Amino acid sequence: MLRSEHPRILLALLLCLLILSACGSAGSTVMPSPSSSAGAVRSPSPRSTASASPTASSTAVVPAAPRHYRSHLLLRGYGRPDDLALDAQGNLFFSDAHNGTINRLNRDGTVSVLARGLAAPEGLVVLQDGTIIIAEQRTNRLLLLMPGAQMPLVLRTLPGTPTSQPCKAGIDGLAFDQTTQTLIVPDSPTGEVYRMSLDGRNLQPLASGMVRPVGAAVDGAGNVYVADECGQAVWRISPNGQKVRFGGFGMPDDVAWDGHGNLLVIDLAPAVHALIRLQPATGQRETLASQGFIEPQGLVIDQHDHIYVADDYANMIVEFTPT
């Protein structure tokens, strides 16, 4: 009896052992050995970082600016291009202070003269509807050129009085603050910088004490940058009125914000004659172009990082395209 049941007992015991082994494996957790994880650093995934830090998830990463550019001439031998501006469609406009004209550079390379007979037009701003705001240097006033009009209207005369004294010429540059829909107006003869409403009625002081403020630009945070041509510096004016000076320039004439955390600066000093990129957060600067310029003046950048520079004495407009 016992002998005949022995195989059955052994078989039952074997089945029990198999069942217990399977249950134990299903409930176990395999931990990595210390040697397999030693020295490895794993950065958190974007998803886990975003959920852990609401600030990080709401702050967009600003892409780096292009490192290299290819240059080519857009215009050569026509008039004396000075300040530059772009409209909403990407058309390029330039003033010609020497010949008293406002011009549009057409896509086919031809030039359309929009206004003549002005008293040294300099800085330009083109509004969304095509209206052009013009800084007229000899009269130190702002003009308004409506779409289709041949003669501009006087928008406002500034407080400063232009003279022939060094660094006391009239208004030179302008900037448009997209956020507040206002104009930034450096009054060169007085060294003051103003914020002005588009109808010209409201003129509020922003900063004073500059030698000759000329070109201006505004970044996405509302900081205003002004080129102080005779002060050998660029100034940053914060929304609360605090000023920061970036020195070491020759004769900075125009500035433009590139959208990547950098300020582009045109320096027309004979010993410099360069397009410079300044990083305000660190003060670091680099020369992007310095060959072929005689007296670089106008500067503008489009949404595709194409940089345009006008040189009035070289009678040319150059486009720098990222490569």
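All of these numbers come straight from a predicted model, not from anything done at the bench.

When helices and strands are tallied, the protein shows 4 helices and 24 strands. The 323 residues of the protein split such that 46% are buried. Approximately 17100 Å² of the protein is accessible, and the part contributed by carbon and sulfur atoms is 55%.

Once that is clear, we can look at empty space enclosed by the protein. One way to see where empty space is left: roll a probe the size of a water molecule over the atoms. All told, the structure shown has 1 cavity of 30 Å³ or more when counted by the stated rule. Counted as a void, the largest cavity has a volume near 40 Å³. Lining the largest cavity are Ala-65, Pro-66, Tyr-69, Asp-258, His-260, Leu-264, Arg-277, Ile-301, Asp-305 and Ile-307. Considering only residue class, the lining of the largest cavity consists of 6 nonpolar, 1 polar and 3 charged.

Taken as a whole and judged by the stated rule, the model has 1 disulfide. With its sulfur 1.9 Å from that of its partner, Cys-167 forms a disulfide with Cys-230. Taking the torsion about the sulfur-sulfur bond, which here is approximately -95 degrees, the covalent link between Cys-167 and Cys-230 counts as left-handed. Separated by 63 residues along the polypeptide, Cys-167 in the loop between strand S9 (153-157) and strand S10 (175-177) and Cys-230 in the loop between strand S15 (224-228) and strand S16 (233-237) bring together distant segments of the chain. In this structure Cys-230 comes out as partly exposed when scored by relative accessible area, which is 24%.

Another point: the environment of Gln-242. On the secondary structure map, Gln-242 appears in the loop between S16 and strand S17 (243-246). Sequence separation between Gln-242 and Leu-206 is 36 residues; the distance between their C-alpha atoms is 9.6 Å. The residues touching Gln-242, leaving out its near neighbours within four places in the chain, are Arg-236 and Ile-237.

To continue, consider the sheet that holds strand S20 (residues 274-279). Sheets are built from strands that pair by backbone hydrogen bonding, the pairs being arranged parallel or antiparallel. One open sheet holds the 4 strands; their spatial order is S18-S19-S20-S21, and the pairing between them is antiparallel. At either end of the open sheet lies a strand with only one pairing partner, and these are strand S18 (252-257) and strand S21 (284-289). Across the sheet, the mean angle separating the axes of adjacent strands is 25 degrees when strand polarity is ignored. In terms of strand pairing, S18 meets strand S19 (residues 263-267) through 5 bridges, oriented antiparallel.

Bringing the sheet that holds S9 into the picture now. Reading across the sheet, the 4 strands line up as S6-S7-S8-S9 and stay open at both edges, with antiparallel pairing between neighbours. Edge strands, defined here as strands with exactly one partner in the open sheet, are strand S6 (121-126) and S9. Sheet twist, expressed as the mean angle between neighbouring strand axes with direction ignored, is 25 degrees. When strand S7 (residues 132-136) meets strand S8 (residues 141-145), the two strands line up antiparallel, connected through 5 bridges. Paired with Ile-133 across the strands is Leu-144, a residue of S8.

Under the counting rule described, the total for this entry stands at 1 aromatic pair. Geometrically, the ring pair formed by Tyr-225 and Trp-257 is stacked, given 5.3 Å between the ring centres and 15 degrees between the ring planes. Of this pair, Tyr-225 sits in strand S15 while Trp-257 sits in strand S18, placing them 32 residues apart in sequence. Between the NZ or CZ atom of Lys-243 and the centre of the ring of Trp-235, over which it lies, the distance is 4.6 Å.

Although it is not a glycine, Asn-140 sits at a positive phi angle of roughly 55 degrees. One non-glycine residue, Gln-232, lies in the positive phi region at around 55 degrees. Among the residues examined, Gln-232 registers a relative accessible area of 46% and is labelled partly exposed.

The next subject is the layout of surface pockets. Empty space within the largest pocket amounts to approximately 1400 Å³. For the largest pocket, the lining is made up of 50 residues, of which Leu-86, Asp-87, Val-300, Ile-301 and Asp-302 are closest to its centre. Secondary-structure elements contributing two or more residues to the lining of the largest pocket are strand S2 (84-86), S6, S10, strand S14 (213-218), S18 and strand S22 (296-301). Residues that form the lining of the largest pocket fall into these classes: 25 nonpolar, 15 polar and 10 charged. By volume, the second largest pocket is sized at about 440 Å³. Forming the walls of the second largest pocket are 21 residues, and the residues nearest its centre are Glu-122, Gln-137, Asp-172, Arg-212 and Gln-297. Grouping the amino acids of the lining of the second largest pocket by side-chain chemistry returns 8 nonpolar, 3 polar and 10 charged.

Analysis parameters
Numbering of residues starts from 1 in each chain and follows the order in which that chain's sequence is written. The model is predicted, so local features are restricted to residues of pLDDT at least 70 and side-chain atom pairs to those at 80 or more, both for listing and for counting; the totals for chains, interfaces and linings are taken over all residues. Excluding hydrogens and water, the side-chain values take into account all heavy atoms of the structure. Helix numbering and strand numbering both begin at the N terminus, where a helix is a DSSP run of H or I of at least 4 residues and a strand a DSSP run of E of at least 2. Exposure classes here rest on a 1.4 Å probe applied to the protein chains alone. A residue is buried below 20% of its type maximum, exposed above 50%, and partly exposed in between. Only the protein chains shown count as cover for residues, with accessible areas throughout obtained via the Shrake-Rupley method and a probe of 1.4 Å. Of the two site types, the cavity is a set of points on a 1 Å grid over the protein atoms alone where a 1.4 Å probe fits but cannot get out, and the pocket is an open set with protein on both sides within 12 Å along at least five of seven lines, each lined by residues with an atom within 4 Å of a point. Grid points are joined across faces, edges and corners, and a volume is the space filled by probe spheres set on the points. Gly is placed with the polar residues, together with every amino acid not listed as nonpolar (Ala, Val, Leu, Ile, Met, Phe, Trp, Tyr, Cys and Pro) or charged (Asp, Glu, Lys and Arg). Only a pair of cysteine sulfur atoms within 2.5 Å qualifies as a disulfide here. What makes two residues a contact is simply this: any of their non-hydrogen atoms within 4.5 Å. Two strands make a pair as long as DSSP finds a minimum of two bridges between them. Inter-axis angles, ranging from 0 to 180 degrees, are taken between N-to-C directions of lines fitted to C-alpha atoms, where helices are fitted over the stretch in contact. Any two rings among Phe, Tyr and Trp, with Trp reduced to its six-membered ring, count as a pair given centres within 6.5 Å; such a pair is stacked if its planes are under 30 degrees apart, edge-to-face if over 60, and tilted if neither. Lysine NZ or arginine CZ positioned within 6 Å of the ring centre and within 35 degrees of the ring normal marks a charge as sitting over the ring.

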